[in-house]
Amino acid sequence: MNDLSLTVVQVLPALEAGGVERGTVEVAAELVRRGHRAIVVSGGGRLETELTGTGAEHMRLAVGRKSPLTLRHVFALRRILERTNADILHPRSRLPAWIARLAWRGMPPERRPHFITSVHGPYSVNAYSRIMVRGERIIAISGFIHKYIMENYPDTEHERIVIIPRGVDPARFPHGYRPPREWLSQWRQQQPQLQGKFIACLPARITRWKGQEDFLKIIARLRDAGIPVHGLAVGGAEHRRQRFLHELQQTVEKSGLQEYITFLGHRGDLREIMSSADVVFSLAREPEAFGRTALEALSLGTPVIGYDHGGAGEVLQEIFPAGRVAPLNVTAAADKAALFYRQPPAVPDNNPFTLQRMLDATLSLYQSTANTG
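Predicted model, so just to flag it, every value in this text is computed and none were measured.

Participant: Go over the sheet that holds strand β3 (residues 57-60), please, and point to the residues and values.
Facilitator: The strands that make up a sheet are held in pairs by hydrogen bonds between backbone atoms, and each pair lies either parallel or antiparallel. Within the open sheet, the seven strands sit side by side as β3-β2-β1-β4-β5-β6-β7. Their pairing is parallel. Where the open sheet ends on each side, the last strands, each with one partner, are β3 and β7 (161-163). The sheet shows a mean angle of 20° between the axes of neighbouring strands, taken without regard to direction. As paired elements, strand β1 (residues 7-11) and strand β2 (residues 37-42) share five bridges and run parallel to each other. Across the sheet, residue Q10 finds its bridge partner in β2, namely V40. Helix α3 (residues 73-84) rests against β1, β2, β3 and β4 (88-91) of the sheet, and its axis sits at about 175° to β2. Against the sheet, helix α4 (residues 94-105) contacts β1, β4 and β5 (114-119), and its axis sits at roughly 155° relative to β4.

Participant: Quick one: what's the story with the packing of helix α7 (residues 212-224) against helix α8 (residues 242-254), residue by residue and with numbers?
Facilitator: If you want to describe how two helices pack, look at the angle between their axes and the distance between the axes. Between α7 and α8, whose axes approach to 11 Å, the crossing angle comes to 10°. When the axis of α7 is compared with that of α8, the two are roughly parallel. Every residue of α8 that contacts α7 at Q212, E213 and L216 is listed here: F244, L248, T251 and V252. Here the contact of α7 with α8 is built from residues that sort into four nonpolar, two polar and one charged.

Participant: Which residues make up the side chain of T84, and what are the values?
Facilitator: Position of T84 relative to the elements: it lies in helix α3. When its relative accessible area of 6% is taken as the criterion, T84 is described as buried. In contact with T84, not counting residues within four places along its chain, are T7, V9, R37 and I39.

Conventions used here
Residues numbered from 1 in each chain as written. Predicted model: local features only at pLDDT ≥ 70, side-chain atom pairs only at ≥ 80, totals over all residues. Heavy atoms only, no water. Pairing = 2+ DSSP bridges. Helix = DSSP H or I, 4+ residues; strand = E, 2+ residues; numbered from the N terminus. Axes fitted to C-alpha atoms, helices over the stretch in contact; angles between N-to-C directions. Contact = heavy atoms within 4.5 Å. Parallel < 35°, antiparallel > 145°, perpendicular 65-115°, else oblique. Nonpolar A, V, L, I, M, F, W, Y, C, P; charged D, E, K, R; others polar. Buried < 20%, exposed > 50% of the residue type's maximum accessible area, 1.4 Å probe, protein only.

Encoded structure:
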């Protein structure tokens, strides 16, 4: 099989922070590094500068905006595909996938790129979501997602699905990482309440299903057990989530947890915070597609306690099975944290979910699909 020089067009709603966005930038950078042309079509966002800094191209189309007007982007995307002679068209979200599919179908069959989709979550099962299993090849980002596809879209040919787990870069999240002295000095000045405390961290955007309510209950149980705990809730709250954030803050006050919880909001130094924590929690109340944050913490060597379902359960099973607890079992999670306080565990340096493995598998899929003619 000869390696072709490829033009790959990835399509997603925006380039804000998130696992899908981060993976898109990583794949684009690897394509450029290997001499291919990488194009990303999105509504833009905070990762746009990083993307273009890799040598990839960004073409701004608001393909994720839920409005009938979004259909006008079908024609613009089709022009991009035709002008660039794209080899691979890879949408990563449902509405962009519909726009991409309509653009693709309007092209002469002999000029169409290969159509690859990624299923990044257990979407609601309906005709709208079915677009994500319409790809010539379908990337499932975990075993959990592969099972979701087969159970909910049983007519999907098994051979079209390939499991490519997400991954983290061990150079960016090295095992045993310690933050720079300057960061530690500033951190101690800004967060004096953490001195001498057992630091528990929940890195998750503020939204009801991510488990902040369970986190508060766990911190309360640890406090009541006499453990000098302090909880860090790290993650921003979108405008429509401000009411929920206010509810959480009221719960803190009613429970007398003001001295035991800090809401840090969105942070750009999550790696440093997780490496400084004694334990990181993964408490999504619904199964997550992968569980990237849990993987990042484990890659750093920080113990993780997480609900044993979805992709996060798979990550824990592979790297740190001692951290698994039954889903939604707050008591078990608190008891596990108390055990870790008394007997701090070591996290093995055996992460199979590396960024390079994900990139190699993705680009291999692109190449083999393009070689099918």
